[in-house]
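Residue-level structure breakdown
Here is what each chain is made of, one letter per residue.
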Amino acid sequence: MIDPSLAACYTNIIQAGTELLTWYNAQPVISREASALELWHMKRMNEILLNYLQHRKEGSEEYWSVVRANYILKCDVFARIHYGQSWHALASIIYGHEYAESLRDEYHILSKEYPEVFRKYYTWQFNRKANKSKTFVIGDIHGTYRALLQCLERAGFNYEKDHLISLGDICDRGPDTKDCIDELLKIKNLTLVLGNHDFMALNWMETGTPDEVWLKKGGEATINSYGFEVPQHHISLLRNALPYYIQKNKLFVHAGIELNKKLHLQDTKVFLSDRTLATQVTKLFYNGNASQSTFTTFDEVYIGHTISPFFKPLQAGEVWMMDTGAGMKEGVLSMMNIVTKEIFSSDLIGDLYP
């Protein structure tokens with residue numbers, strides 16, 4: 001049976017070789033002809049290593065000596081930056097640490113000897129990664145335009161390619177609701193989940209009559225940000241907001257859901273304001289069992305509405321609490337890459353709005 005750590009390294013090697021071939025096939029014909037023989041060797045080395053890993057050795061000791069001397073330098077070395085030390089770990093497991101160290105030295109010699117080849121490959125790899133779209137989720141914005149700009153900038157958000165999922169409550173409390181919506185409308189791939197503050201603000205936008213409860217909860221700031229007129233496309237954005245959003249078994253909802261009940265049978269009020277799930281998540285976190293339980297059948301659940309302890313995104317089970325208090329002076333606004341889980345937060349709201 002193959003050592004799992006060895007198999008994992010080998011998987012990276014195969015992927016590296018595949019990417020190298022993709023890069024090679026994109027090169028001009030003249031350059032490709034000059035490299036054809038080397039690429040044939042790379043492919044053959046992959047086949048030989050696979051046989052070795054599966055304990056089906058072939059060839060003499062002299063033959064294996066040639067394999068050891070050429071394998072990594074001819075293939076995986078080109079993906080070293082992308083896969084870190086995986087090639088070194090593989091060499092250490094198969095041939096021992098001393099030999100792996102000698103390969104590291106040869107790698108540096110090779111990179112100096114053929115700098116143009118390395119530069120072309122890494123430039124292609126960087127551009128390929130840069131062109132890949134990313135998906136982010138952002139918590140309750142609450143009219144804090146300066147915080148929104150900071151989060152988008154710090155995340156390196158691409159307005160044309162990336163996808164932003166807002167958990168709602170764009171409106172109220174902060175002074176810049178209009179500017180926040182203007183900015184969000186610049187994003188090509190925006191998904192807005194309706195928040196309870198957005199719901200109340202939309203009622204005022206459509207009727208012209210502010211609700212007294214809404215005014216006490218920060219609605220006056222939204223009215224002041226618009227002045228005398230609300231643009232129709234702002235109204236349309238809130239009117240078309242979703243009660244919840246599902247992407248690849250990941251649920252995005254403003255406040256929460258009723259557990260053990262199908263979503264389509266639940267009242268919209270639950271999605272907008274129910275704190276039951278958030279309360280359970282917080283309790284689990286404080287009990288020190290954050291990773292030991294699940295609440296739903298979803299792979300991941302993202303909620304806002306209830307401010308996370310310590311003003312930073314909190315995870316318990318499959319649930320992420322993303323409201324980090326942007327509606328308060330002592331809070332911040334946070335957004336997160338849902339794949340890497342990298343978090344990007346603004347400065348303190350009190351510092352952005354003294």
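What you see as residue numbers is a count from 1 along each chain, following the sequence as written. Whole-chain, interface and lining totals are the exception, using all residues; otherwise, since this is a predicted model, local features are given only for residues with pLDDT of at least 70 and side-chain atom pairs are given and counted only at 80 or more. In computing side-chain properties, one takes all heavy atoms of the structure into account and sets aside hydrogens as well as water.

Let's talk about the pairing of strand β3 (residues 189–192)
Strands are treated as partners if at least two bridges between them are detected by DSSP. Here a strand is any run of E in DSSP of at least two residues, a helix any run of H or I of at least four, and the numbering for each starts at the N terminus. Pairing between strand β2 (residues 163–166) and β3: four bridges, direction parallel. Each residue of the ladder has a partner; that of Ile 165, found in β3, is Thr 191. Crossover handedness is defined here as right-handed if the route from the first strand over the helix to the second strand goes clockwise, with the strands pointing away from the viewer. At this point the chain moves from β2, through helix α9 (residues 177–184), to the parallel β3, and the crossover so formed is right-handed.

So, the sheet that holds strand β5 (residues 250–253)
Strands in a sheet are paired, the pairing made by backbone hydrogen bonds, and the direction either parallel or antiparallel. Judged by pairing direction, the sheet is mixed, and its five strands sit side by side in the order β4-β5-β6-β8-β7 without closing on themselves. Lying at the two open borders of the sheet, with one neighbouring strand each, are β4 (244–247) and β7 (314–316). Taking the axes of each pair of neighbouring strands and ignoring which way they run, one obtains an average angle of 20° across the sheet. Taken together, the three bridges between β7 and strand β8 (residues 319–321) define a ladder with antiparallel strand orientation. Along β8, the bridge assignment pairs Leu 314 with Met 321. Contacting β6 (300–303), β7 and β8, helix α14 (residues 276–286) crosses the sheet at an angle of about 85° to β7. Note on geometry: axes are lines fitted to C-alpha atoms, helical ones only across the stretch in contact, with angles between N-to-C directions running from 0 to 180 degrees. By the convention used here, residues are in contact when the closest approach between their heavy atoms is within 4.5 Å.

Side note on the nonpolar core
Nonpolar side chains tend to gather and get buried jointly when the protein is soluble and globular. One finds Ile 141, Leu 148, Leu 164, Ile 170, Leu 333 and Met 335 to be the most contacted residues of the largest nonpolar core, which totals 38 residues. Among the secondary structure elements, those contributing two or more residues to this core are β1 (135–138), α8 (145–154), α9, α10 (196–207), α11 (212–226), α12 (232–239) and α15 (349–352). Per element, the largest residue contribution to this core is five residues, and it comes from α10. Formed by 17 residues, the second largest nonpolar core is a distinct cluster that contains Ala 278, Ile 303, Ala 316 and Met 321. Only buried residues count toward a nonpolar core, which is a set of Ala, Val, Leu, Ile, Met, Phe, Trp, Tyr and Cys residues joined through side-chain atoms within 4.5 Å. Partly exposed residues are those whose accessible area sits between 20% and 50% of the maximum for their type, while under 20% is buried and over 50% is exposed, using a 1.4 Å probe and protein chains only.

Re the packing of aromatic side chains
The criterion for an aromatic pair is that two Phe, Tyr or Trp rings (for Trp, the six-membered ring) have centres within 6.5 Å, with stacked assigned to planes under 30 degrees apart, edge-to-face to planes over 60 apart and tilted to the rest. Under the definition given, this model contains 11 aromatic pairs. Judged by centre distance (4.9 Å) and plane angle (5°), the rings of Phe 252 and Tyr 302 are stacked. With Phe 252 in strand β5 and Tyr 302 in strand β6, this pair connects stretches of sequence that are 50 residues apart. Each member of the pair, Phe 252 as well as Tyr 302, carries the same accessibility label: buried. Grouping aromatic residues by their ring pairs yields a cluster made of Phe 136, Phe 157, Tyr 159 and Phe 344.

Some words on the side chain of Thr 135
Tracing the backbone through its elements, the reader meets Thr 135 in strand β1. Beyond its immediate sequence surroundings of up to four residues, Thr 135 is in contact with His 163, Ile 165, Gln 247, Met 336, Asn 337 and Ile 338.

Quick look at the pattern of salt bridges
Just to be clear on terms, a salt bridge is a Lys or Arg side-chain nitrogen sitting within 4 Å of an Asp or Glu carboxyl oxygen. Within this structure, the stated rule accounts for six salt bridges. One salt bridge connects Arg 239 with Glu 206, and the closest N-O pair in it is separated by 2.8 Å. Here the residue Arg 239 occupies a position in helix α12, and Glu 206 occupies one in helix α10, the gap between them amounting to 33 residues. The exposure class assigned to Arg 239 is partly exposed, which follows from its relative accessible area of 44%. For Glu 206, a relative accessible area of 44% translates into the label partly exposed. A salt bridge links Lys 341 to Glu 300; the shortest N-O distance between them is 3.1 Å. Here Lys 341, found in the loop between β9 (334–337) and β10 (343–345), pairs with Glu 300, found in strand β6; they are 41 residues apart in sequence, far enough to count as distant. Judged by its relative accessible area of 24%, Lys 341 is partly exposed. Using a relative accessible area of 16% as the deciding quantity, one classes Glu 300 as buried.

Some words on α12
All buried positions along α12 are accounted for by His 234, Ile 235, Leu 237 and Leu 238. Down the axis of α12, the buried set is contained in an arc of 155°. They therefore lie on one face. Note that the arc is computed from the directions linking the helix axis to the C-beta atoms.

Section: the pairing of β5
Of the two faces of β5, the one carrying Lys 250 and Phe 252 and the one carrying Leu 251 and Val 253 are both buried. Here β4 runs beside β5; their pairing, made up of four bridges, is antiparallel. Directly across from Tyr 245, in β5, lies its bridge partner Phe 252. Linkage of β4 to β5, two consecutive antiparallel strands, is achieved through a turn of two residues, within which Lys 248 is found at a positive phi near 50°. Where β5 and β6 come together, four bridges link them in parallel fashion. Among the inter-strand pairings, Lys 250 is bridged to a residue of β6, identified as Glu 300.

Some thoughts on the sheet that holds β2
The mixed open sheet is built from five strands, whose spatial order is β3-β2-β1-β9-β10. What marks the edges here is a single partner per strand, and that holds for β3 and β10. Within this sheet the neighbouring strands show an average axis-to-axis angle of 20°, counted without direction. In the sheet, β1 pairs with β2 via four bridges, with the strands oriented parallel. Note that in β2 the partner of Thr 135 across the bridge is His 163. In the packing of α8 onto the sheet, the strands contacted are β1, β2, β9 and β10, and the crossing angle to β10 comes to about 145°.

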